[in-house]
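Examining the three-dimensional arrangement
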Amino acid sequence: MVSMQAPLQAPDVGRETMLTDIWGTPDVLRNLLQVYMKNGSVEIPGLREKLPAGHGLAGKTPLEIMSACSQKRMPSGFMNRFSVIGSGTSWHATLLAEYLIEYMARIPVEAHYASEYRYHEPALRLGDVVIVVSMSGETVDAVESIRQITRHPEMGKSVLKVAVVNNSSSSLASECDLVINVRAGAEVGVASTKGFSATGFVFELLSLALADECDTWSADTERSSFVKRLQELPESMKEVLDREAKPLMQTSTDKPIGIGECPLWDIGCQNVLAQNFIFLGRGCNFPVALEGAMKCKELAYIHAEGYPAAEMKHGPIALIDEFMPVVVVCPRADATYEKIKSNIEEVKARNGATIAITEKYNDELEQLCEYVIALPETHEYLMPLLAMVPLQLLAYMMGILRNNTVDHPRGLVKSVSVKLEESGGY
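Counting starts from 1 at the beginning of each chain's written sequence and moves along it residue by residue. Only residues with pLDDT of 70 or above have their local features reported here, since the model is predicted, and side-chain atom pairs are shown and tallied only from 80 upward, although totals for entire chains, interfaces and linings are computed over all residues. Calculated side-chain values reflect all of the structure's heavy atoms, with hydrogen atoms and water omitted.

Attention shifts here to the nonpolar core. Within the largest apolar cluster, 107 residues are counted, with the highest numbers of intra-cluster contacts made by Met66, Phe82, Ile131 and Phe277. A run of DSSP states H or I qualifies as a helix once it reaches four residues; a run of E qualifies as a strand once it reaches two. Both are numbered from the N-terminal end. If you tally residues by element for this core, the top one is helix α13 (residues 383-401), at 14 residues. Residues count as neighbours in contact if any of their non-hydrogen atoms are within 4.5 Å of one another. Apart from residues no more than four positions distant in its own chain, phenylalanine 82 is found in contact with Met66, Cys69, Ile101, Ile107, Pro108, Val109, Glu110, Val129, Ile131 and Leu210. In this structure, Ala309, Met312, Cys330 and Val347 belong to the second largest nonpolar core, which totals 18 residues. Throughout this description, the term nonpolar core refers to a set of buried Ala, Val, Leu, Ile, Met, Phe, Trp, Tyr and Cys residues connected via side-chain atoms within 4.5 Å. The buried label goes to any residue with under 20% of its type's maximum accessible area, the exposed label to any with over 50%, and the partly exposed label to all in between, with areas taken from a 1.4 Å probe on protein chains only.

Further remarks concern the packing of aromatic side chains. Paired rings are identified among Phe, Tyr and Trp, the last through its six-membered ring, by centres lying within 6.5 Å, and are further divided according to the angle between planes into stacked (under 30 degrees), edge-to-face (over 60) and tilted (the rest). If you walk through the whole model with that rule in mind, you get 6 aromatic pairs. Judged by centre distance (5.8 Å) and plane angle (35°), the rings of tyrosine 103 and tyrosine 381 are tilted. Note that tyrosine 103 is positioned in helix α4 (residues 89-105) and tyrosine 381 in the loop between β12 (371-375) and α13, a separation of 278 residues in sequence. A relative accessible area of 12% means that tyrosine 381 is categorised as buried. Consider the rings of phenylalanine 277 and phenylalanine 279, whose centres lie 5.8 Å apart with planes at 25°: the pair is stacked. Taken together, the ring pairs connect Tyr99, Tyr103, Trp217, Phe226 and Tyr381 into an aromatic cluster. The ring of tyrosine 301 carries arginine 410 above its face, with NZ or CZ at 3.8 Å from the centroid. Counting as a charge over the ring demands two things of the Lys NZ or Arg CZ atom: a distance within 6 Å of the ring centre and an angle within 35 degrees of the ring normal.

Each axis is a line fitted through C-alpha atoms, taken for helices only over the stretch in contact, and angles between the N-to-C directions span 0 to 180 degrees. Packing of helix α8 (residues 194-214) against helix α9 (residues 220-244) brings their axes to within 12 Å, and their N-to-C directions diverge by 160°. By the criterion of interaxial angle, the relationship of α8 to α9 is roughly antiparallel. Here the hand of the crossing between α8 and α9 comes out left-handed. In this structure, α8 contributes Phe201, Glu204, Leu205, Leu208 and Asp212 to the contact, and α9 contributes Arg223, Phe226, Val227, Leu230 and Leu233. Any residue that is not Ala, Val, Leu, Ile, Met, Phe, Trp, Tyr, Cys, Pro, Asp, Glu, Lys or Arg is counted as polar, Gly included; the first ten are nonpolar and the last four charged. Of the residues in the contact of α8 with α9, the class split is 7 nonpolar, no polar and 3 charged. Just so you know how the angles are binned, under 35 degrees is roughly parallel, over 145 roughly antiparallel, 65 to 115 roughly perpendicular, and the rest oblique. Here a crossing is taken to be left-handed if its near helix is turned anticlockwise relative to the far helix by less than a right angle, and right-handed if that turn runs clockwise.

Moving on, we come to the packing of helix α2 (residues 25-36) against α9. Where α2 meets α9, the axes come as close as 9 Å, and the angle between the chain directions of the two elements is 170°. Between α2 and α9, the angle is such that the two are roughly antiparallel. Residues Thr25, Pro26, Leu29, Arg30 and Leu33 of α2 form the contact with α9, whose participating residues are Leu230, Gln231, Leu233, Pro234, Glu235, Met237, Lys238 and Leu241. Looking at side-chain class alone, the contact of α2 with α9 contains 8 nonpolar, 2 polar and 3 charged residues.

So, about the pattern of salt bridges. Any Lys or Arg side-chain nitrogen located within 4 Å of an Asp or Glu carboxyl oxygen qualifies as a salt bridge. As enumerated under the stated definition, the model contains 19 salt bridges in all. Where salt bridges share partners, they join Glu144, Arg147, Arg151 and Glu175 into one cluster.

Turning to the UniProt feature "domain: SIS" (unreviewed entry) in the protein chain, a few remarks are in order. UniProt positions are given in the numbering used here, feature names are shortened, and annotations may be inferred rather than shown by experiment. When the UniProt feature table is mapped onto this chain, "domain: SIS" (unreviewed entry) is found at residues 70-216 and 265-409. Structurally, residues 265-409 is divided into 37% helix and 20% strand, and its ends, taken at the C-alpha atoms, are 20 Å apart.

Taken across its 6 residues, strand β6 (residues 160-165) has 6 buried, putting it largely inside the fold. Burial along β6 is two-sided: Leu160, Val162 and Val164 facing one way and Lys161, Ala163 and Val165 facing the other are all buried. Relative to β6, strand β5 (residues 129-134) runs parallel, the two being bridged by 6 bridges. Looking at β6, one finds that serine 134 is bridged to valine 165. Following the backbone out of β5, through helix α6 (residues 140-150) and into the adjacent parallel β6, one traces a crossover that is right-handed. Note: β6 against strand β7 (residues 178-181), 4 bridges, orientation parallel. Among the inter-strand pairings, valine 162 is bridged to a residue of β7, identified as leucine 178. What makes two strands pair is DSSP finding at least two bridges between them. If you view a crossover with the strands going away from you and the path from the first strand over the helix to the second runs clockwise, you call it right-handed.

What follows deals with the environment of tyrosine 119. Within the secondary structure layout, tyrosine 119 lies in the loop between α5 (114-117) and β5. Along the chain, tyrosine 119 and glutamine 148 lie 29 residues apart, while their C-alpha atoms are 8.9 Å from each other. Within the local environment of tyrosine 119, its side chain forms a polar contact with the side chain of arginine 118, the two groups lying 3.4 Å apart. Here a polar contact is recorded for every N or O atom pair within 3.5 Å, except that within protein the pair must consist of a potential hydrogen donor and a potential acceptor, and residues adjacent in sequence are included only if both atoms are side-chain atoms.

The parallel open sheet is built from 5 strands, whose spatial order is β9-β8-β10-β11-β12. One side of each edge strand has no neighbouring strand; the edge strands of this open sheet are β9 (303-308) and β12. Strand after strand, the sheet turns through a mean of 15° between neighbouring axes, direction not considered. Sheet topology places strand β8 (residues 276-281) next to strand β10 (residues 325-329); 3 bridges connect them, and they run parallel. Opposite phenylalanine 279, over in β10, you have valine 327 as the bridge partner.

Structure, rendered in structure tokens:
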């Protein structure tokens, strides 16, 4: 473990900062619930509206087309392809979508990097679904990925094209048959935080709608439990923020942050001098490990890698020592919890320092880990969004401690305009 003395004062957050973005995430999720859920049913605008005449799938709704890709609807084994595409943080959201849609609706999904997808010839068929994720809706790789389909003489009108964006008037939205707005609002920070959480939440809602349409819930109680936890998620997230970040939201820096007053700040102080991090997760939490590593790189300028926890033994385990913190998302709700705990034991055996993220009722990791970040109990499929909050905060805090410009990290821009490529600038 590497450490530095905790600074005497909190950062100046009297103005709008990235911390304001993270702090506003629960309100974004509440708004999505209010707008996109009616009486316990998902009602995303356009999802149940028939495609217009002239489209190769005219007369069918996007929900019907998507659900037709399920194993239940295609018992013969012939299934349409369901592709989700994104770049950077949006790609991590697409990977989360892959897990959620497959787990909940039993629809096979392939996640693709937009930068790769746009340059290969996708073998699409009538009735395939392509979802492209981009917060700005202007990221060149995302826009070109959908345009190569639109321009194709046969594919252009034979597949369902869906945009998941934070700007319904964007170039990407104009190319698609269905536009799902994540309604995250403007972000102060260049590196996306509440935008990722809002996108993940939209995919939770879409997966719920598909599971209902495909009738894949094993029992009504299973669905009821998920919906209950879904509706509780904003408050659960607020609980984490109140405990881990409220001292930093003060408008004055005159009051020092005492040791123990903000647990995550203390963890940041203890690990801010590290040169490398490893982030581990399994299942739905693997995309969160990737996103946590990305935020560590973007905000703290610390090299970090995300892995599926079981892959640690294939290379990364050779790097583990007391100078490399290992962050592990390991909720008891995860079906592979015992296996993840074994990964933590392997880290401990090599004198590694582990930061575990788990439910607050789980006290059996206290002896294994240097630090345990406790979260409210929630559904297995919702844990990634809850776990993302402390990962974003940790990266932000370490960036502040290293005197980085966390709102505008070096080398990063919010989106790469299509015009840049047209002019040969990208």
